[in-house]
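Residues per chain, in single letters:
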Amino acid sequence: MIFGHLSDIHLGHRQYGLKQREDDMANSFRATLQLILKNNPDTILLPGDLFDSRDLRPKILEEAERGLEMVPDDIPVLVSRGNHDENLTPRKVTWLNYLHRRGHIILLEADLNSDSETANFTPYREDPEAGRAGFYDIESDSGTVRVFGLQWRGARTDTALKQVARGIQATNEKYGNPDYTVLLGHFGIEDEVPSLGGSITHAELRDVREVVDYLALGHIHKQYEASGWIYNPGAPEAHSTREARDDWKHGYYNVTLTPANDEYGGPGQLQHDTEHHHSRRRPYFSPPAFDVTSYDSYGELREAFHIYITKQEGALKEEINHKEFLKQDEPRRPILDLQFEGTLQFGKGDFHIEELANWTENAYNALYVQTNTSRITTAEIEKLLSEIDDDEVFVDGRLRTDALEQQVFETIATESQFSEHSEKVATLLGDTHRMAKNGEAAKDIADLVTERRRALFPDATENVTIEVDEDPFEEIDQSDVDEEISTIGEPMAGDGGSTEKTGEITSEMSDINEVDDE
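Calculation criteria
Residues numbered from 1 in each chain as written. Predicted model: local features only at pLDDT ≥ 70, side-chain atom pairs only at ≥ 80, totals over all residues. Heavy atoms only, no water. Helix = DSSP H or I, 4+ residues; strand = E, 2+ residues; numbered from the N terminus. Buried < 20%, exposed > 50% of the residue type's maximum accessible area, 1.4 Å probe, protein only. Areas by Shrake-Rupley, 256 points an atom, 1.4 Å probe, with all protein chains shown as cover. Pairing = 2+ DSSP bridges. Axes fitted to C-alpha atoms, helices over the stretch in contact; angles between N-to-C directions. Contact = heavy atoms within 4.5 Å. Phe/Tyr/Trp six-rings, centres within 6.5 Å; stacked < 30°, edge-to-face > 60°. Expected span 1.5 Å × (residues − 1). Core = buried A, V, L, I, M, F, W, Y, C linked by side-chain atoms within 4.5 Å. pLDDT = per-residue confidence, 0-100. Parallel < 35°, antiparallel > 145°, perpendicular 65-115°, else oblique. Left-handed = near helix turned anticlockwise from the far one by under 90°. Nonpolar A, V, L, I, M, F, W, Y, C, P; charged D, E, K, R; others polar. Right-handed = clockwise from strand over helix to strand, strands pointing away. Salt bridge = Lys/Arg side-chain N within 4 Å of Asp/Glu carboxyl O.

(A) Broad picture of the overall build of the chain. Helix and strand counts for the chain come out as 14 helices and 21 strands. Relative to its 518 residues, the chain shows a buried fraction of 51%. On the chain, roughly 24,800 Å² of surface is accessible, and the fraction owed to carbon and sulfur atoms is 43%.

This is the structure we're talking about:
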């Protein structure tokens, strides 16, 4: 028996506000399905985040149906709910319920009654009124494969996993033991992306391991696997510069089941052999950070930057010509990430970052250029910090942070485009900083900034209009999608069956940035 495993499609995600990035999500979904289908699977697993938002425009739903219609009727697409598909208190009928009723997917969810320590799993039935099921049995010559689903539970995942382990055992006692068990889940595992936090520990999975052979995960956009039974394929598309790094693999799994040998450590009578393959996606390129310290004027810096960018052209071409980034053997337009660092010797108001980004976009024919100046400071601020009046900011040996902050904010304001109102802008910076530290609502902070801005710059806030260059509801160019599919060759294998545990997680995943709605 064979199955495919992909996740975190994020249909509808218009990254950087670009229509082309929204199209990329649809293209990579269909291209990845086509690659999986080349292996003649018996089923396809998709554990969460088919959509980027639960509020869909008609075009996005159409793209989901168009992709799913590529899958033959005799190959079930088994889906669980992710944090982007719905929040922790879903609507009575979600778009995943709709796709289930239409026969495009089989939505698998656990019935988690807070008054019960055991999850309830109902069997799938071909009932057009049913919006979901608890488990699905796949019969083959190899035996019975039973697939369960656990929807996104956020901070409650640890409790849900205990209920699920008991629920699977109770289900098997009622309906008979399968030869192999899969659990779909949408959460991260500890240590895979340590900085993200909020992940499940391996200890919290012990009970699940007693009843599950293959834990099919989503939520983390980076490929990883652990302990011989935990697998996360990584989102087909990179959603940030961090996710585009070489140590973040993106793609899907092809999984083959065979009779278990004596060394197999899972509960079932079948064992798996996994192969990870790269998805086809748009490239990112991140040249080394540009150091601004050596230049006394913006003109000098701009000239040096142009030379620096030109020297990176060879590395860019090498990157974007990797097979996973090609379309019809031609490289896609890349997304560029420009990092700046060092000490600026002139005012930040004279540092025209947008001009540098536009020049780079044209020079490299880039789809988008993002800039990061967080590692830049100015000579004036460094001088301020070195000349702090100890008598003013220290009282009885204790630091007066309010005085220090005021000096820093005044210097920042003086070095900005608001230098003519530096004292008032510095006061506003201090007020918003204190509000943020006190945990006041973001809306209240935004209202304060709006009010002060109108008072300081009344002319700049009049006659403000928003211009949209294109129709945001414009249909995707279907020829682009069809062309993407028609040019797909053989799957590109990654590191193969026993890929090294590389670590990972939402989303962010873009995406992992979803806040629990509790």
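(B) Region of the structure containing the sheet that holds strand β9 (residues 224-226). Pairing is mixed across the open sheet formed by 6 strands, whose spatial order is β5-β6-β7-β8-β10-β9. The sheet is open, and its two edges are formed by β5 (135-140) and β9, each paired on a single side. Averaged over all adjacent pairs, the angle separating strand axes in this sheet is 20°, with direction ignored. Note: strand β6 (residues 143-149) against strand β7 (residues 180-186), 5 bridges, orientation parallel. The residue of β7 that forms the bridge with Gly149 is Leu184. Across the sheet, helix α4 (residues 157-175) lies against β5, β6 and β7, angled at about 145° from β6, the strand it touches most.

(C) Broad picture of the packing of aromatic side chains. This model, assessed by the stated rule, comprises 16 aromatic pairs. Here Phe121 and Phe148 contribute two aromatic rings whose centre-to-centre distance is 4.8 Å and whose plane-to-plane angle is 75°, an arrangement assigned as edge-to-face. One end of the pair, Phe121, is in the loop between β4 (106-107) and β5; the other, Phe148, is in strand β6, and 27 residues separate them in sequence. Phe148 shares its class with Phe121; the two are buried. Members of the aromatic cluster, each reached through a chain of ring pairs, are Phe290, Tyr295, Phe305, Tyr308, Phe340 and Phe351.

(D) Examining helix α1 (residues 19-37) more closely. With 19 residues, α1 should cover 27 Å at 1.5 Å per step; its first-to-last C-alpha distance of 28 Å lies within 8% of that length. Where burial is concerned, most of α1 is hidden: 17 out of the 19 residues are buried.

(E) The arrangement of the nonpolar core in detail. Formed by 29 residues in total, the largest nonpolar core has its most connected members in Phe187, Leu205 and Ile230. Contributing elements (two or more residues each) for this core: α4, β8 (214-218) and β9. Looking at this core, the element that brings in the most residues is α4, giving 5 residues. Apart from the residues within four sequence positions on either side, Ile230 is in contact with Ile189, His202, Leu205, Leu215, Leu217, Tyr224 and Glu225. Membership of the second largest hydrophobic core comes to 27 residues, among which are Phe29, Leu56, Val77 and Val79.

(F) Representation of the side chain of Ser28 in the model. Note on placement: Ser28 falls in helix α1. Contact partners of Ser28, with chain neighbours within four places excluded, come to Pro236, Glu237 and Arg280.

(G) Up close: the pairing of β5. Bridge analysis of β5 against β6 gives 6 bridges, and the strand direction is antiparallel. Looking across to β6, one finds that Ser140 is bridged to Gly143. In this antiparallel pair of consecutive strands, β5 and β6, the connection spans 2 residues.

(H) Looking closely at unusual backbone geometry. Phi is positive for Tyr16, which is not a glycine, with a value near 60°. Locating Tyr16 in the fold gives a position in the loop between β1 (2-5) and α1. Phi at Asp191 takes a positive value of approximately 75°, unusual for a residue other than glycine. With respect to the helices, strands and loops of the structure, Asp191 is situated in the loop between β7 and α5 (206-209).

(I) Inspection of the confidence of the model for the chain at higher detail. Averaged over every residue, the pLDDT of the chain is 85; the share at 70 or more is 81%. Predicted confidence for residues 464-473 stays below pLDDT 50, and this span has 5 contacts to residues more than four positions away or in other chains. Every residue in residues 489-518 is under pLDDT 50, and counting partners more than four places away or in other chains gives 111 contacts.

(J) View of the packing of helix α6 (residues 298-311) against helix α8 (residues 353-364). Orientation of α6 relative to α8, taken along the N-to-C sense of each, is 25°, at an axis distance of 11 Å. Accordingly, the angle class assigned to the pair α6 and α8 is roughly parallel. The chirality of how α6 crosses α8 is right-handed. Side by side, α6 and α8 meet where Tyr298, Leu301, Arg302, Phe305, His306, Ile309 and Thr310 of the first sit next to Glu355, Leu356, Trp359, Thr360 and Tyr364 of the second. Considering only residue class, the contact of α6 with α8 consists of 7 nonpolar, 3 polar and 2 charged.

(K) Geometry of the environment of Gly131. For Gly131, the position within the fold is in the loop between β4 and β5. Gly131 sits in the buried class, given a relative accessible area of 11%. Contact partners of Gly131, with chain neighbours within four places excluded, come to Asn97, His100, Arg101 and Leu107.

(L) Representation of the pairing of strand β18 (residues 368-378) within the structure. Both strand β17 (residues 335-344) and β18 contribute to a ladder of 9 bridges, which runs parallel. Considered in β18, the bridge of Leu336 is made with Val369. You can see the chain leave β17, run along α8 and come back into β18, and the turn it takes is right-handed.

(M) Examining the pattern of salt bridges more closely. Tallying each qualifying case throughout the model produces 22 salt bridges. Between Lys59 and Asp23 there is a salt bridge whose closest N-O contact spans 3.6 Å. In this pair, Lys59 sits in helix α2 (residues 58-68) while Asp23 sits in helix α1, placing the two residues 36 residues apart along the sequence. Asp23 carries the same exposure label as Lys59, and that label is buried. Arg81 serves as the salt-bridge partner of Glu109, at 3.2 Å between the closest nitrogen and oxygen. Placement of Glu109 in the loop between β4 and β5 and of Arg81 in the loop between β3 (77-80) and α3 (95-101) is noted, with a sequence separation of 28 residues between them. Judged by its relative accessible area of 9%, Glu109 falls in the buried class. A relative accessible area of 4% means that Arg81 is categorised as buried. A network of salt bridges, in which partner residues are shared, links Arg14, Lys19, Glu22, Asp23, Arg57 and Lys59.

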